[in-house]
Amino acid sequence: MHHRAQDRRVFILALDGVPFSLLQTAFEHGHCPTLCQTFQQQGTFREIHSVIPPLSTVAWSSFLTGKNPGKHGIFGFVDRTLNPLQTFIPTGRHLKAPTLFERLSDAGKRAITMNVPGTTPPRPIQGVWIADFLTVSLEKAVYPKDLVPDLKSLDYRIDVNPLLAKENPGQFLQDLREAVDRRVETALWLMEKYLPDWDLFMLHIMETDRFLHFFWDLQTEPTDAQRFWSFFDFLDQTIARVLQRLPENAILVSLSDHGFGPVKKEVYVNTWLREQGWLRFVQDPPKGLEDLDSRSKAYSLIPGRFYVNLLGREALGSVLPEDYEPWRTRLSEALLHLKDPDTGAPIVRRVYRREELYHGPFVQGAPDLVALPESGYDFKGTLRDVPLFQTPSMSGMHTVEDAYLFFQGVEIPQDVNITLYDVTATVFDLLGVPVPQDLDGRSLLEVAHGI
Amino acid sequence: MAKERQGFTVWFSGLPSSGKTTLARMLEQALKQRGYKVEVLDGDIVRQYFSKGLGFSREDRIENLRRIAYVAHLLSRNGVVAITAAVSPYQEARDRAREMNERFVEVYVKCPVEVCIERDVKGLYKKALKGEIQNFTGISDPFEEPVNPEVICETDKETPEESLQKILKTLENLGFIEREEGEENAYSEEEEAVVRKRLEDLGYL
């Protein structure tokens, strides 16, 4: 850690959805020896929080831009346009703020990014941009394009086949392992052969999130726990190939974008809105939000994002502007009273108003309320008329708490709160590039020891 | 890398705290995403680097704007989009800038002074009202409303995103930037269906 900023490099290892507590348990039981040794060397290793609600594309977009969603415009895996009122899948084209990679590129640094959610389609930088699982083909995933044949020959995989998880779990596990193995092999080739003078390398592993969604419950069954931990041991061994070969002047930053926990029940909150008489459609099943009946008061998109059907904003709005606040209050109170019929326990832990979570020029795209569930209740967004409570189809779900951060060589005092935005700002600082003033975070080097 | 295209100048004017810098930065980002080379000449930064020593008298301000217009000219003739974000309160100076730059778009960022005072991003109105700053536009120095700007953004009435869309639309209409149908859509209809299916299979929809 004695290198001057201009001689430093930063390697970011992003393990999607890996909980801090899971790593601690793994380390206590002798699993993941490389990560254990790495994360327990000098530096900071601790729990951090995700964005609210904890969604991967939103969390990583926030990390990459160093800004809250009100300043970058991505609020979910699905968002809505107001006129016509309909849903769409946001991509990097909707990301309205420059990423870390572009800003570093503008500052003359070379960056390589692989697989980070929210990075479709690729953008031109000085370096390499390989987009995420929302790309439809390898040809469309890569900048510069002349890398496509190399990635093909390395058998690079954009994503696994999620359908296998139900149809053939054994094969799905194998698929996950292969995808991780190929990504790591490609990363090694990029960092040592293709662009050895990179300044920033961000390697993202999506397969941990996939694994935890489908196999979270394995860890609780004594007979299955071995299969659970063997995946993480495999991951550890595979990642070790990269970690052992990092250049001596590279600082390792590793983080996850959210935590994970068990799912008890899926909650179809639009059904609840229908039951209250606040949501109806002109036909059932509706084709989409465009079939909203103009008398509707509210609707929801996954997970727990609620929108008032506001006159003058939504194409089919019905709530008068002067009734907007009363409706938010009414919805919020009703949500807090929502109970699990089997136990009588509340389902909603807290309801956030838009302005508590978002600020910036793009808040128009933000939900009016966000309901954060009590542990184990997974809020779904289907518009179809389905039962309110359903048995979960997957065993793990995202949590706001329990993401992790490791910062090699940077000792951050325990009482300093760390946001994703601070990590972004710190990466600029470590690389000797002035921290952009419009970020929502500040460099942790200001408060850290060690560097 | 950035495509080789003709440059042009986008000249923002408006009272302090009217929203010039916000819109200039948003426009910068939108144009970069479309593959343009862009440089923002922000009033404050320009004064720091090449107009140091110039004050805020009418004469000095006109000189400052003349320098900005010249740099914008140098940039835009080399294929860069030059975005300027200085108060530029005088019609005379804006006319000169237009003469100097063939491909030129003037954006008037219109906002009532009361609203700007309320925003007071840099706390300068407060000082000006107390008399601690002299020749402060909107308080103790006039702002001459642009006579014929290509775009007027009323930032007390529109969202920043709406203002940005207005500017982009004008640039498209003038042929300064390419019209890109479905600009925001990274997917064709078929591709979006594939992605939706994938997200559904993952329980994300």
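Residues numbered from 1 in each chain as written. Chains lettered and ligands numbered in written order. Predicted model: local features only at pLDDT ≥ 70, side-chain atom pairs only at ≥ 80, totals over all residues.

### Things to note about the overall build of chain A
Consideration 1: When helices and strands are tallied, chain A shows 14 helices and 19 strands.
Consideration 2: Computed over its C-alpha atoms, the radius of gyration of chain A comes to 22 Å, within 12% of the 22 Å expected for a compact globule of 451 residues.
Consideration 3: The principal-axis extents of the C-alpha atoms in chain A amount to approximately 65 × 50 × 50 Å.
Consideration 4: Each of the 451 residues in chain A was classed as buried or not, and the buried ones make up 54%.
Consideration 5: Partitioning the intrachain contacts of chain A with sequence separation of at least 6 by distance along the chain shows that 67% fall at a separation of at least 24. (Helix = DSSP H or I, 4+ residues; strand = E, 2+ residues; numbered from the N terminus. Rg over C-alpha atoms; globule rule 2.2 N^0.38 Å. Buried ≥ 20, exposed ≤ 12 C-beta atoms within 10 Å, placed from the backbone. Contact = placed C-beta atoms within 7 Å.)

### A word on the domain arrangement of chain A
Residue and element names in this part refer to chain A.
Consideration 1: Its domain assignment divides chain A into domain 1 (5-262 + 399-446) and domain 2 (265-393).
Consideration 2: Computed from C-alpha coordinates alone, the two centres of domain 1 and domain 2 are separated by 30 Å.
Consideration 3: Residue assignment for the side of domain 1 that touches domain 2 shows that the elements contributing at least two residues are helix H4 (69-72), strand S3 (79-82), strand S4 (85-88) and strand S10 (259-262).
Consideration 4: With four residues, the single largest contributor to the side of domain 1 that touches domain 2 is H4.
Consideration 5: Classifying every residue of the side of domain 1 that touches domain 2 by side-chain character gives ten nonpolar, nine polar and five charged. (Domains from an automatic or database assignment. Nonpolar A, V, L, I, M, F, W, Y, C, P; charged D, E, K, R; others polar.)

### Quick notes on the pairing of strand S12 (residues 298-301) of chain A
Residue and element names in this part refer to chain A.
Consideration 1: Judged by which residues are buried, S12 turns out to be covered on both faces: Ala298 and Ser300 on one side and Tyr299 and Leu301 on the other are all buried.
Consideration 2: Pairing of S12 with strand S13 (residues 305-308), which is carried by four bridges, proceeds in the antiparallel orientation. In the sheet register, leucine 301 faces S13, and the bridge partner there is arginine 305.
Consideration 3: Between S12 and S13, which follow one another and run antiparallel, lie three residues, and glycine 304 among them has a positive phi close to 75°. (Pairing = 2+ DSSP bridges.)

### Here's the deal with the sheet that holds strand S17 (residues 389-390) of chain A
Residue and element names in this part refer to chain A.
Consideration 1: Strand order in the open sheet made by the three strands is S16-S11-S17, with mixed pairing throughout. In this open sheet, the two strands that pair with only one neighbour each are strand S16 (377-380) and S17.
Consideration 2: Pairing of strand S11 (residues 265-268) with S17, which is carried by two bridges, proceeds in the antiparallel orientation. Within S17, the position partnered with valine 267 by the bridge is phenylalanine 389.

### Side note on the interface of chain A and chain B
How big an interface is tends to be stated in terms of the accessible area lost upon association of its parts.
Consideration 1: Contact with chain A, which involves 24 residues of that partner, is made by 22 residues of chain B.
Consideration 2: A per-class count over the side of chain A that touches chain B returns 15 nonpolar, seven polar and two charged.

### Some points on unusual backbone geometry
Consideration 1: Residue asparagine 83 of chain A is joined to proline 84 of chain A through a cis peptide bond whose omega torsion reads 0°.
Consideration 2: Its place among the elements puts proline 84 of chain A in the loop between S3 and S4.
Consideration 3: Even without being glycine, serine 17 of chain B reaches a positive phi, approximately 70°.
Consideration 4: In this structure serine 17 of chain B comes out as buried when scored by C-beta crowding, with 24 C-beta atoms within 10 Å.
Consideration 5: Residues other than glycine seldom take positive phi values, yet serine 88 of chain B does so here, at roughly 40°.
Consideration 6: On the secondary structure map, serine 88 of chain B appears in the loop between strand S3 (80-85) and helix H4 (91-100).
Consideration 7: Judged by local crowding, serine 88 of chain B falls into the buried class, with 28 C-beta atoms found within 10 Å.

### Some points on the environment of alanine 111 of chain A
All names here are of chain A.
Consideration 1: Among the secondary structure elements, alanine 111 is positioned in strand S5 (residues 111-114).
Consideration 2: The class of alanine 111 is buried, set by 24 C-beta atoms lying within 10 Å.
Consideration 3: Taking the C-alpha atoms as reference, alanine 111 lies 52 Å from glycine 344; in sequence the two are 233 residues apart.
Consideration 4: Discounting residues that sit within four places of it in the chain, alanine 111 has contacts with Phe101, Leu104, Ser105, Ile125, Gly127, Trp198, Asp199 and Leu200.

### Some words on the sheet that holds strand S1 (residues 8-13) of chain B
All names here are of chain B.
Consideration 1: With respect to topology, five strands assemble into an open sheet ordered S2-S3-S1-S4-S5, the strand pairing being parallel. Either end of the sheet is taken by a strand with one partner, and the two such strands are strand S2 (37-42) and strand S5 (151-154). Between one strand and the next, the sheet's axes are offset by a mean angle of 20°, whatever the strand orientation.
Consideration 2: On the sheet, helix H3 (residues 58-77) packs against S1, S2 and S3 and is oriented at approximately 160° with respect to S3.
Consideration 3: Seen against the sheet, helix H7 (residues 160-173) touches strand S4 (104-110) and S5 and runs at an angle of roughly 175° to S5. (Axes fitted to C-alpha atoms, helices over the stretch in contact; angles between N-to-C directions.)

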